[in-house]
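# Analysis of the macromolecular model
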Amino acid sequence: GAVVSQHPSRVICKSGTSVKIECRSLDFQATTMFWYRQFPKKSLMLMATSNEGSKATYEQGVEKDKFLINHASLTLSTLTVTSAHPEDSSFYICSVVWGTQYFGPGTRLLVL
Amino acid sequence: AQSVTQLDSQVPVFEEAPVELRCNYSSSVSVYLFWYVQYPNQGLQLLLKYLSGSTLVESINGFEAEFNKSQTSFHLRKPSVHISDTAEYFCAVSVTRNTDKLIFGTGTRLQVFP
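Okay, so let's go over this structure. (Residues numbered from 1 in each chain as written. Chains lettered and ligands numbered in written order. Predicted model: local features only at pLDDT ≥ 70, side-chain atom pairs only at ≥ 80, totals over all residues. Heavy atoms only, no water.)

### With respect to unusual backbone geometry
The cut-off we apply is this: Helix and strand labels come from DSSP, where a helix needs a run of H or I of at least four residues and a strand needs a run of E of at least two; each type is numbered from the N terminus.
The residue after A:His7, namely A:Pro8, is reached through a cis peptide bond having omega 0 degrees. Tracing the backbone shows A:Pro8 in the loop between strand 1 (4-7) and strand 2 (10-13). Backbone geometry at B:Thr72 places phi at a positive 45 degrees, although glycine is not the residue there.

### Topic: the interface of chain A and chain B
So the rule is basically this: Whether two residues are in contact is decided by their heavy atoms: any pair within 4.5 Å suffices. Values labelled buried area give the accessible surface lost by two parts on being combined, using a 1.4 Å probe and summing over both. By definition, a salt bridge exists where a carboxyl oxygen of Asp or Glu is found within 4 Å of a side-chain nitrogen of Lys or Arg. Counting of polar contacts relies on pairs of N or O atoms within 3.5 Å, with two restrictions inside protein: one atom must be capable of donating a hydrogen and the other of accepting it, and residues adjacent in sequence are counted only when both atoms are side-chain atoms. By the convention adopted, Pro, Cys, Tyr, Trp, Phe, Met, Ile, Leu, Val and Ala count as nonpolar, Lys, Arg, Asp and Glu as charged, and the other residues, Gly among them, as polar.
Contacts between the two partners involve 19 residues from chain A, matched on the other side by 16 residues from chain B. Here chain A and chain B share an interface that buries about 1,300 Å² over both sides, 55% of which is from carbon and sulfur atoms. The tally of links from chain A across to chain B stands at zero salt bridges. On inspection of chain A and its partner chain B, the count reaches two residue pairs in polar contact (both at pLDDT 80 or more). Among the secondary structure elements, those contributing two or more residues to the side of chain A that touches chain B are strand 4 (32-38), strand 5 (44-51), strand 9 (90-98) and strand 10 (100-103) of chain A. Residue composition of the side of chain A that touches chain B, grouped by class: nine nonpolar, seven polar and three charged.

### Observations concerning the pattern of salt bridges
Short version of the rule: The rule is simple: take the accessible area with a 1.4 Å probe, protein chains only, and divide by the maximum for that residue type; under 20% is buried, over 50% is exposed, in between is partly exposed.
Counting across every chain of the model gives five salt bridges over all chains. Residue A:Glu22 is joined to A:Arg24 by a salt bridge in which the shortest nitrogen-to-oxygen separation is 3.5 Å. Residue B:Asp85 is joined to B:Lys78 by a salt bridge in which the shortest nitrogen-to-oxygen separation is 2.8 Å. Note on accessibility: B:Asp85 and B:Lys78 belong to one class, buried.

### Some remarks on the pairing of strand 10 of chain A
Residues and elements named next belong to chain A. This is how the line gets drawn: Two strands are said to pair when DSSP picks up at least two bridges between them.
As paired elements, strand 9 and strand 10 share four bridges and run antiparallel to each other. The partner of Val97 across the bridge, within strand 10, is Gln101. Where strand 9 folds back onto strand 10 in an antiparallel hairpin, the turn is made up of one residue, including Gly99, whose phi is positive at roughly 85 degrees.

### Observations regarding the nonpolar core
Just so we agree on the cut-off: Side-chain atoms within 4.5 Å are what join buried Ala, Val, Leu, Ile, Met, Phe, Trp, Tyr and Cys residues into a set we call a nonpolar core.
Counting residues in each nonpolar core, the largest one holds 28 residues, and the members touching the most others are B:Leu33, B:Trp35, B:Leu47, B:Leu48, B:Phe74, B:Leu76 and B:Tyr89. Where this core is concerned, the elements lending two or more residues are strand 2 (10-14), strand 3 (19-21), strand 5 (32-38), strand 6 (45-50), strand 8 (64-68), strand 9 (73-78), strand 10 (87-94) and strand 12 (108-113) of chain B. Among the elements that make up this core, the one with the highest residue count is strand 10 of chain B (four residues). Beyond its immediate sequence surroundings of up to four residues, B:Tyr89 is in contact with B:Gln6, B:Leu21, B:Trp35, B:Tyr36, B:Val37, B:Leu47, B:Phe63, B:Leu76, B:Gly107, B:Thr108 and B:Leu110. In terms of nonpolar packing, the next biggest core, distinct from the first, is built from 25 residues, A:Phe67, A:Ile69, A:Leu79 and A:Leu109 among them.

Structure, rendered in structure tokens:
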């Protein structure tokens, strides 16, 4: 069965609005979760490391004020894309580490 | 820094034919190597991994990959593919055994035709 879930699976929003994506660890408590972004025909790009109870660690070039990450519990991390623009349209994937990385099914964001 | 190159963006093949998906990596330190598969509308799933020991690793569904340190490669092979193998395959490296900070290749879409 699924180890990691994401909600929603796809979302369409207007430019300038904010969108929240949830990542849940279903089978175990995860102190660390990762957020990736996948562009068409491109590889997954690590955006940030979500740490339970502390601030997320962002990769170089990723705007932390644009992509807000909250890891409020051991089973839930959220990614909020603030003031979304069309260039933020992408496939966002989270993962949890339990010996190895388990990936969620992804959330497709389309900003109009 | 590490990088992963998957030269083939798409590999079309007929059912029951053999296939090889190429993966080369670059790193100044020792790395651990992984292949992930992404079926349509699903999340990435670990297919196989090389951590240490035998350089030939196998998956439960007939895929195998061989770590070649001198050629910095970790090509994925299957002697006879099925329609159900149609998916996107990603090669990845990590400098830690528990796969923190995976560096992915750009993926290879394997399309199996009847």
